[in-house]
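# Fold and contact review
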Amino acid sequence: MGDSAPRELISLADDEGNGVTVNVLGPSASWSAGLDAEIVVKTPFVAGRIDLALSVSKLESWANALDRLDAGEDVAWMEMSRGPSIFIQLTGERDCPEVVVEDESGSMVTVRVPLVPPDDWIADHRQRLHRAMNYWVPLLSG
């Protein structure tokens, strides 16, 4: 564990300046089995962030979501939990991939970000997840 803490669990961006990132901030001070994180949306038109609580089960469900994306399926990550949800549509409303961040339980705002990720983005995100789980999960209790 001599490496620096992996922060970017998800980093989807394109050359047009559109991007959605999920950053792990560290162990939660209020929940020993959780991680504090944030979702950051940046586009030339809109930018924002929202707090996010991550658990081992949410990280495992991200692994399942990556498997489904690799099989050509759209995914909803954290859809049935409290807090924000992330939807990835491989062919969105503008005939390109879209990431939809929805905060239905809080601000009731939805942001749709069209972007074209690099060809190897799923493999890259599997590596990001692997690094994050190897680093952060041993620090959690419960």
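Now for a description of the structure that goes with this document. (Residues numbered from 1 in each chain as written. Predicted model: local features only at pLDDT ≥ 70, side-chain atom pairs only at ≥ 80, totals over all residues. Heavy atoms only, no water.)

### A closer look at the pattern of salt bridges
Pairing is possible between side chains of opposite charge, provided their charged atoms come close. Inspection of the entire model under this criterion finds nine salt bridges. Of the charged contacts in the structure, one is a salt bridge between Arg49 and Glu38, with a shortest N-O distance of 2.7 Å. With Arg49 in strand 4 (residues 47-55) and Glu38 in strand 3 (residues 34-42), this residue pair connects regions lying eleven residues apart in the sequence. Judged by relative accessible area, which is 48%, Arg49 ranks as partly exposed. Residue Arg112 pairs with Glu98 through a salt bridge whose shortest N-O separation is 2.9 Å. With Arg112 in strand 8 (residues 109-114) and Glu98 in strand 7 (residues 98-103), the pair connects residues that are 14 residues apart, well separated along the chain. What makes Arg112 partly exposed here is its relative accessible area of 32%. Note on Glu98: relative accessible area 0%, which makes it buried. Where salt bridges share partners, they join Glu93, Arg94, Glu98 and Arg112 into one cluster. (Salt bridge = Lys/Arg side-chain N within 4 Å of Asp/Glu carboxyl O. Helix = DSSP H or I, 4+ residues; strand = E, 2+ residues; numbered from the N terminus. Buried < 20%, exposed > 50% of the residue type's maximum accessible area, 1.4 Å probe, protein only.)

### Looking at the sheet that holds strand 5 (residues 75-77)
Taking strand neighbours across the sheet as the criterion, the four strands line up as 5-6-7-8 in an open arrangement whose pairing is antiparallel. Taken across any chain shown, the strands that pair with only one partner, and hence form the sheet edges, are strand 5 and strand 8. Going across the sheet, the axis of each strand differs from the next one's by a mean of 15°, ignoring polarity. Across three bridges, strand 5 lies against strand 6 (residues 85-89) in antiparallel orientation. By the bridge assignment for strand 6, Val75 is matched with Ile88. The strands touched by helix 1 (residues 56-70) are strand 5 and strand 6; relative to strand 5, the strand with the most contacts, the crossing angle is about 170°. (Pairing = 2+ DSSP bridges. Axes fitted to C-alpha atoms, helices over the stretch in contact; angles between N-to-C directions. Contact = heavy atoms within 4.5 Å.)

### Some thoughts on the packing of aromatic side chains
Scanning the model with the defined rule gives two aromatic pairs in all. Arranged with centres 4.8 Å apart and planes meeting at 75°, the rings of Tyr135 and Trp136 form a pair that is edge-to-face. (Phe/Tyr/Trp six-rings, centres within 6.5 Å; stacked < 30°, edge-to-face > 60°.)

### Let's talk about helix 1
Over its 15 residues, helix 1 runs 21 Å from end to end, which matches the ideal 21 Å to within 8%, given 1.5 Å per residue. Of the residues making up helix 1, those classed as buried are Lys58, Leu59, Trp62, Ala65, Leu66 and Leu69. Considered in projection along helix 1, the buried side chains sweep an arc of 105° and stay on one side of the axis. On its buried side, helix 1 packs onto strand 1 (8-13), strand 3, strand 4, strand 5, strand 6 and helix 2 (121-136). Just past helix 1, the residue Gly72 takes up positive phi, approximately 90°. (Expected span 1.5 Å × (residues − 1). Arc of directions from axis to C-beta.)

### Things to note about unusual backbone geometry
Its identity is not glycine, yet Met78 carries a phi of approximately 70°, on the positive side. Here Met78 lies in the loop between strand 5 and strand 6. Using a relative accessible area of 7% as the deciding quantity, one classes Met78 as buried.

### Brief notes about the sheet that holds strand 2 (residues 19-27)
If you trace the four strands from one edge of the open sheet to the other, you get 1-2-3-4, paired in antiparallel fashion. Of all the strands in the sheet, the pair left with one neighbour each is strand 1 and strand 4. Shown here is a sheet whose adjacent strand axes are inclined to one another by a mean of 20°, direction ignored. Sheet topology places strand 3 next to strand 4; nine bridges connect them, and they run antiparallel. Each bridged residue has a counterpart across the sheet, and for Lys42 the counterpart in strand 4 is Ala47. Contacting strand 1, strand 3 and strand 4, helix 1 runs over the sheet at an angle of about 110° to strand 4. This element, helix 2, spans strand 1, strand 2 and strand 3 of the sheet and lies at about 160° to strand 1.

Purely geometric numbers; function is a separate question.
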